[in-house]
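Fold and geometry: a report
Chain residues, written in single-letter form:
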Amino acid sequence: MTSPATEHAHQSRTVAVVTLGCARNEVDSEELAGRLADGGWTLVEDAADADVAVVNTCGFVEQAKKDSIDALLEASELKEQGRTQKVVAVGCLAERYGKDLAAQLPEADAVLGFDSYADMSGHLRAILAGASPEAHVPGDRRRLLPLSPAARQDAATGVALPGHGAGAPVGAAPVAPASVAEGLPDAGVPQVPDLPEGMAPQTGPRVVRRRLDGRPWAPLKIASGCDRRCAFCAIPAFRGSFVSRRPADVLAEARWLVDQGVREVFLVSENSTSYGKDLGDLRLLESLVESLGEIDRLPRIRVSYLQPAEIRPGLIETLLAVPTVVPYFDISFQHASEPLLRRMRRFGSTESFLALIEQIRAIRPDAGIRSNVIVGFPSETEEDVAELERFLTEARLDVVGVFGYSDEDGTEAETYADKVDEDAVAERVGRVQALVDELMAQRAEDRIGDTVQVLVEEIDRDESLGDGAEVVGRAPFQGPDVDGVTLLTYAQDDELPRVGDIVTAVVVATEGVDLVAEPTGAVDPAPAGEAR
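Quantities reported herein were computed from a predicted structural model and do not represent experimental measurements.

Criteria and thresholds
- Residues numbered from 1 in each chain as written.
- Predicted model: local features only at pLDDT ≥ 70, side-chain atom pairs only at ≥ 80, totals over all residues.
- Heavy atoms only, no water.
- Helix = DSSP H or I, 4+ residues; strand = E, 2+ residues; numbered from the N terminus.
- Buried < 20%, exposed > 50% of the residue type's maximum accessible area, 1.4 Å probe, protein only.
- Contact = heavy atoms within 4.5 Å.
- Areas by Shrake-Rupley, 256 points an atom, 1.4 Å probe, with all protein chains shown as cover.
- Phe/Tyr/Trp six-rings, centres within 6.5 Å; stacked < 30°, edge-to-face > 60°.
- Lys NZ or Arg CZ within 6 Å of the ring centre and 35° of its normal.
- 1 Å grid on protein atoms, 1.4 Å probe; cavity = no way out; pocket = protein on both sides within 12 Å on 5 of 7 lines; lining within 4 Å.
- Points joined across faces, edges and corners; volume = space filled by probe spheres on them.
- Nonpolar A, V, L, I, M, F, W, Y, C, P; charged D, E, K, R; others polar.
- Pairing = 2+ DSSP bridges.
- Axes fitted to C-alpha atoms, helices over the stretch in contact; angles between N-to-C directions.
- Disulfide = S-S within 2.5 Å.
- Expected span 1.5 Å × (residues − 1).
- Arc of directions from axis to C-beta.

Within the protein chain one finds 14 helices and 18 strands. A burial count over the protein chain gives 54% of its 532 residues as buried. Counted over contacts in the protein chain with a minimum sequence separation of 6, partners at least 24 positions apart contribute 75%. For the protein chain, the accessible surface area stands at approximately 21900 Å², while carbon and sulfur atoms represent 50% of it.

Before going further, it helps to examine the packing of aromatic side chains. Describing an aromatic ring pair means giving the distance of the ring centres and the angle of the ring planes. Enumeration according to the criterion identifies eight aromatic pairs in this entry. Here the aromatic rings of Trp-217 and Phe-266 are separated by 6.0 Å at their centres, their planes lie at 75°, and the arrangement is edge-to-face. On the criterion of sequence distance, the pair formed by Trp-217 in strand 6 (residues 217–221) and Phe-266 in strand 9 (residues 264–268) is long-range, its members being 49 residues apart. Residues Phe-333 and Phe-391 carry aromatic rings whose centres are separated by 5.2 Å and whose planes lie at 75° to one another, so their mutual orientation is edge-to-face. Here Phe-333, found in the loop between strand 11 (328–330) and helix 11 (338–343), pairs with Phe-391, found in helix 13 (residues 382–395); they are 58 residues apart in sequence, far enough to count as distant. Both residues of the pair, Phe-333 and Phe-391, count as buried. In textbook terms, an aromatic cluster arises when at least three aromatic residues are bridged by ring pairs, as seen for Phe-232, Phe-377, Tyr-405 and Tyr-416. The residue whose ring lies beneath Arg-13 is Trp-41, and the NZ or CZ to ring-centre distance is 4.8 Å. The side chain of Arg-215 reaches across the aromatic face of Trp-217, ending 4.0 Å from its centre.

Turning our attention to empty space enclosed by the protein. By the definition in use, this model includes five cavities of 30 Å³ or more. When its volume is computed, the second largest cavity comes out at roughly 80 Å³. Around the second largest cavity, the lining residues are Asp-398, Val-399, Met-440, Arg-443, Ala-444, Arg-447, Phe-477, Gln-478, Asp-483, Val-513 and Leu-515. Looking at the lining of the second largest cavity element by element, the count peaks at three residues for helix 14 (residues 422–445). Per-class residue counts for the lining of the second largest cavity are six nonpolar, one polar and four charged.

Quick look at the sheet that holds strand 10 (residues 300–303) now. Strand order in the open sheet formed by three strands is 6-9-10, with parallel pairing between adjacent strands. The open sheet has two edge strands, strand 6 and strand 10, and neither has a second partner. Between one strand axis and the next, the sheet turns through 25° on average, direction left out of account. Judged from the four bridges that link them, strand 9 and strand 10 form a sheet pairing that is parallel. Bridging across to strand 10, Phe-266 finds its partner in Arg-302.

Further remarks concern the pairing of strand 15 (residues 470–474). For strand 15, the buried fraction is high: four of the five residues fall into the buried class. Pairing of strand 14 (residues 451–460) with strand 15 involves five bridges; the strand directions are antiparallel. In the strand pairing of strand 15, Ile-459 is matched with Val-471. The sheet contact formed by strand 15 and strand 16 (residues 486–488) spans three bridges and is antiparallel. Note that in strand 16 the partner of Val-471 across the bridge is Leu-488.

Pairing between sheet strands relies on hydrogen bonds along the backbone, with the strands arranged either parallel or antiparallel. The three strands are arranged 11-12-13 in an open sheet whose pairing can be described as parallel. The outermost strands of the open sheet, each flanked by one partner alone, are strand 11 and strand 13 (399–404). Averaged over all pairs of adjacent strands, the angle between their axes in this sheet comes to 15°, without regard to strand direction. One ladder, built from three bridges, connects strand 11 with strand 12 (residues 368–375); its direction is parallel. Each bridged residue has a counterpart across the sheet, and for Phe-329 the counterpart in strand 12 is Ile-369.

Moving on, we come to the state of the cysteines. Under the criterion given, the structure shown has zero disulfides. The thiol of Cys-22 is unpaired, and the distance to the nearest cysteine sulfur, on Cys-58, comes to 6.2 Å. Free cysteine: Cys-230, not disulfide-bonded; nearest cysteine sulfur from Cys-233 at 6.1 Å. Under the relative-accessibility criterion, Cys-230 is labelled buried at 12%.

The subject of this paragraph is the side chain of Glu-286. Secondary-structure assignment places Glu-286 in helix 9 (residues 284–292). Under the relative-accessibility criterion, Glu-286 is labelled buried at 5%. Those residues in contact with Glu-286 that lie beyond four places of it in its chain are Arg-312, Leu-315 and Thr-318.

The next thing to look at is helix 12 (residues 350–363). End to end, helix 12 covers 20 Å across 14 residues, agreeing with the expected 20 Å (1.5 Å per residue, within 8%). All buried positions along helix 12 are accounted for by Thr-350, Phe-353, Leu-354, Leu-356, Ile-357, Ile-360 and Arg-361. Seen along its axis, helix 12 keeps its buried residues to an arc of 155°; they face one direction. Opposite the buried face of helix 12, at more than 90 degrees from it, the exposed residues are Glu-358 and Ala-362. Buried positions along helix 12 lie against helix 10 (315–321), strand 11, helix 11, strand 12, helix 13 and helix 14.

Below, the structure written as structure tokens:
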């Protein structure tokens, strides 16, 4: 018989999920949080208040790896200061390096891979009780699924797909999912037990997720993995081959997010333009956004990470035809020199990319277009850099992330001999960054006088502002976290909006890439009880 003290200790187990990296990782963390809450854990925001700190790491580029290791070390220091007893590494860095990470970072009490997610509660209970699980052994996750996309859904049983709301350790017995999209084969992906009352949707597939913040927007994963073989990218090896989530599951989760007060869903994946190819419908992304557009109380849908080589005829028109899909295009150009793109195992050129941009702006001149570029890739010449600069100047993108090339373990480009000198890479990054800073500021200035609808995300009532407040939000063409914000100006006696309201305003000034706008008085309010 369990003693009252033991029962109290069991009930009071606390866990904090610390997230690094991209919006896809945020979805994975919220799924982990749902599984842990389902397993009886109490979720806390601060790792210092947790018995166990679970650090969801990023393993994309060197700086992200460093940030992840720093977060693990910081969490480990809490073990000497207070309540925290154990620190567990999960996520991409843990999946990618596994035993090597564990050997180099003994401060972490466990390093667990994706296959541990389905029973994370059980793993953490064992670790808290003193168990020392063997560190994850990395492998190429592309080998877990068939080469043919059409065969993957049936073969997905037992393959962990973080953020898909299903899965089990490899080899686990399959259990049929609660429901699947009409006309699609049953994937046989296991489901965990139902979540506590209030966390599950009223109808449709059950959602395995728990929100970790009160933001009025949320990422929503539509797929995992990637089938492309970009020479510089290691993501397919540790995230695996491309697998789409079933439309019914995506729609159910979107409805659940709306019930949690979300007013914008941000569709995320490694490659959204591939969505549906393993479900037998290459145009399923178009159908999905049309169905999402029919959900009540969801005024904004945003699509991320489009591959230019896979943007098919009709996709742009469909995205811009759905009233609640914002005019925003996150397109992965990476460079503009055609010979260098081929060496990267990618396709395109300045002319083809400019034609794509013109196609978008012919329909919606106010559309936001963002991208990332890599400079210093092996064999890159000054002529290649000049071509990239020509493209950026003519494209006038809203936001551009500039990254200097560095070798990534296990990638094809790591084996290339004609590396660009590190000093030259740094010089090119600085030069291109200075150019895009100027171009982005000009693009922002072009929007002065435009009327925008701003989703309110933050209201700062700092004492330095007197009786006023700074209201921060995003216009439709501004993506979350990295694409700039819109600052709304209010006089002392003005009634302030709430987080989650959508305020109509006129752009009156800019601060770099950020906009400054004056409200016109029109507000689409967040539903009662849903503002945060």
